[in-house]
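Topology and contacts: notes
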Amino acid sequence: MYPSMKNDLILRAARGETVERPPVWIMRQAGRYLPEYHKLRSKQSFFEMCQTPETSCELTLQPIKRFDGLLDAGIIFSDILVIPQALGMQVVMLEQKGPHFPEPLVTPEDLEKLEKVPNIPAKLGYVMDAISLTRENLDGKVPLLGFSGAPWTIMAYMIEGGGSKAFTKAKTWLFRYPEASHRLLTMVTDATIVYLTQQVYAGAQMLQIFDSWAGELSPQDFFEFSYPYLVKICEGVKKELKKSKRTPVPMIVFPKGAWYALDKLCDSGYDVIGLDWTIDPREAVRIRGERRVIFQGNLDPNILYGGREIIESRTKEMIEAFNGGKQGYIINLGHGITPGVNPDDVRFFLEQCHKYGSQN
Ligand SMILES: Cc1c2[nH]c(c1CCC(=O)O)Cc1[nH]c(c(CCC(=O)O)c1C)Cc1[nH]c(c(CCC(=O)O)c1C)Cc1[nH]c(c(C)c1CCC(=O)O)C2
């Protein structure tokens, strides 16, 4: 039994209830813009931090403590790339450069090297331990989110071997080896369903699936290589939870750049859709129509570099554009916060969210 919830605003908003103000959290809220993050990071490698439940817990709590009472959710400190690791691939985090796979997948024969049915509880048990420890230590202050990457985004990293601008290698697979691509996407999907379900058993109260590279695909390719797997994950997790007689948890999908798919995403089964800043909130609301889906987003993270005046005006406008935010809305940025942002400006942003979210 975990401590009872003192703030469950985001869970109520995600269920579609009318709330006193829209909840707010920030993608990548635990990270390099915080000096307290660097203090721990200087002692451990990135993946060591992920693998140490005490460190992961402490990092998850850092923004909650610093912005006491202003954030409405925590997100477990980890990374989407632990799934390729569980499938048997090596991933390291290079200083300034980001993730690096020394031996990326090159041809379909390389799929033979992957673990067909990885033992997720054994390989990623440290994430579940971190979730349980964090849930305990949060003491009911705010709900805890678990997460994973979407199959297409994970596949892109496994083939590109790191970040990419053109995704030539990953797309070569889609167009030259479609059958092998579907096999890989299925492997990642199956592992992800087990992984997310285990996160809920460990204490995660909401789940987000990051499809950071969705917008790199044409609509046709998104609907062939990404969307069906996103749906499979949502259905798979919900079915597993039902089978084990657990209450379902709200599920968020963040298909960055896939505004063209918004109409279909509203019928995908996800409770919440994360929007990036390339879609006008009023247009998103129009496309949603009467459907029950909740929106999350969508301030350009770079607004946080623009100074107080624009942070205030754009936050106010955003909340207004999402119908005032009291129903069907969770405030967030349109993508993760970046390392150069001043934490005091983040506090100011969160204060504006409370101020304008509480009006009317
Ligand atoms: C694509 C992706 C990754 N990881 C993630 C995504 C999806 C979100 C997105 O699109 O931004 C998700 C992620 N990564 C991290 C979290 C932690 C929880 C949170 O606070 O949101 C989450 C939810 C920590 C992290 N993940 C990483 C860091 C920085 C690592 C360091 O200290 O060197 C942190 C705090 C490293 C990482 N991990 C990844 C990249 C591309 C990088 C390097 C570049 C970057 O930071 O943007 C893969």
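For clarity, every value in this text was computed on a predicted model and none was experimentally measured.

**Some details on the overall build of the protein**
Broken down by element type, the protein carries 16 helices and 9 strands. With the C-alpha coordinates aligned to their principal axes, the bounding extent of the protein is approximately 60 × 45 × 45 Å. Expressed as a percentage of its 360 residues, the buried residues of the protein come to 47%. Put simply, of all contacts in the protein between residues at least 6 apart along the chain, 75% involve residues at least 24 apart.

**A closer look at unusual backbone geometry**
Omega for the bond connecting glycine 297 with asparagine 298 falls within 30 degrees of zero, at -10 degrees, which places this linkage in the cis form. Along the chain, asparagine 298 falls in strand E8 (residues 294-299). Unusually for a residue other than glycine, glutamine 96 sits at a positive phi of about 70 degrees. By secondary structure assignment, the location of glutamine 96 is in the loop between strand E2 (92-94) and strand E3 (98-100). In this structure, aspartate 139 takes a positive phi of about 55 degrees despite not being glycine. Under the C-beta neighbour-count criterion, aspartate 139 is labelled partly exposed, with 13 such atoms within 10 Å.

**Section: the sheet that holds strand E7 (residues 272-274)**
Judged by pairing direction, the sheet is parallel, and its 7 strands sit side by side in the order E1-E4-E5-E6-E7-E8-E9 without closing on themselves. Of all strands in the sheet, those bounded by a partner on one side alone are strand E1 (74-75) and strand E9 (329-333). Of the pairings in the sheet, the one linking strand E6 (residues 251-255) to E7 comprises 2 bridges and is parallel in character. Paired with isoleucine 252 across the strands is valine 272, a residue of E7.

**Some thoughts on the UniProt feature "domain: Uroporphyrinogen decarboxylase (URO-D)" (unreviewed entry) in the protein**
As recorded in UniProt, the feature "domain: Uroporphyrinogen decarboxylase (URO-D)" (unreviewed entry) lies at residues 23-32 and 145-161. The span residues 23-32 shows a helical share of 0% and a strand share of 0%, and its end C-alpha atoms are spaced 23 Å apart. For residues 145-161, helix accounts for 59% and strand for 29%, while the C-alpha atoms at its two ends are 27 Å apart.

**Focus on the pairing of E8**
Taken across its 6 residues, E8 has 6 buried, putting it largely inside the fold. One ladder, built from 3 bridges, connects E7 with E8; its direction is parallel. Among the inter-strand pairings, isoleucine 273 is bridged to a residue of E8, identified as phenylalanine 295. Viewed along the sheet, the connection from E7 through helix H14 (residues 281-288) into E8 turns out right-handed. Pairing geometry for E8 and E9, over 5 bridges, is parallel. Bridge assignment links phenylalanine 295 to a residue of E9, and that residue is tyrosine 329. In this fold, E8 hands off to helix H15 (residues 308-321), which returns the chain to E9; that crossover is right-handed.

**Considering the site of the ligand**
Taken together, the neighbourhood of the ligand is formed by 22 residues, with Ala30, Gly31, Gly98, Phe210 and Ser212 sitting nearest. Considered class by class, the residues forming the shell around the ligand number 11 nonpolar, 7 polar and 4 charged.

**Examining the packing of H15 against helix H16 (residues 343-358)**
Axis separation between H15 and H16 bottoms out at 9 Å; the angle between their running directions is 35 degrees. Between H15 and H16 lies a crossing whose hand is right-handed. Between H15 and H16, the residues in contact are Arg308, Ile311, Glu312, Thr315, Lys316 and Ile319 and Asp345, Phe348, Phe349, Gln352, Cys353, Tyr356 and Gly357, respectively. Counted by class, the contact of H15 with H16 contains 6 nonpolar, 3 polar and 4 charged residues.

**Side note on the nonpolar core**
Formed by 113 residues in total, the largest nonpolar core has its most connected members in Met155, Ala204 and Leu207. It is helix H10 (residues 178-202) that provides the largest number of residues to this core, a total of 10 residues. Ignoring anything within four residues of it in the chain, the contact list for alanine 204 reads Ile76, Ile131, Leu144, Leu145, Gly146, Gln199 and Val249.

**Regarding helix H9 (residues 168-176)**
By the burial criterion, the buried members of H9 are Ala170, Lys171, Trp173 and Leu174. Viewed end-on, H9 has its buried residues packed into an arc of 145 degrees, placing them on one side of the element. Exposed side chains of H9 directed beyond 90 degrees from the buried face belong to Thr168, Thr172, Phe175 and Arg176.

**A closer look at the environment of aspartate 271**
Position of aspartate 271 relative to the elements: it lies in the loop between helix H13 (262-265) and E7. Here aspartate 271 falls in the buried class, since 21 other C-beta atoms lie within 10 Å of it. Sequence spacing of aspartate 271 and isoleucine 252 is 19 residues, and the spatial spacing of their C-alpha atoms is 6.1 Å.

Cut-offs and rules
- Residues numbered from 1 in each chain as written.
- Predicted model: local features only at pLDDT ≥ 70, side-chain atom pairs only at ≥ 80, totals over all residues.
- Helix = DSSP H or I, 4+ residues; strand = E, 2+ residues; numbered from the N terminus.
- Buried ≥ 20, exposed ≤ 12 C-beta atoms within 10 Å, placed from the backbone.
- Contact = placed C-beta atoms within 7 Å.
- Pairing = 2+ DSSP bridges.
- UniProt positions renumbered as here; feature names shortened; annotations may be inferred.
- Right-handed = clockwise from strand over helix to strand, strands pointing away.
- Near = placed C-beta within 6 Å.
- Nonpolar A, V, L, I, M, F, W, Y, C, P; charged D, E, K, R; others polar.
- Axes fitted to C-alpha atoms, helices over the stretch in contact; angles between N-to-C directions.
- Left-handed = near helix turned anticlockwise from the far one by under 90°.
- Core = buried A, V, L, I, M, F, W, Y, C linked by C-beta atoms within 7 Å.
- Arc of directions from axis to C-beta.

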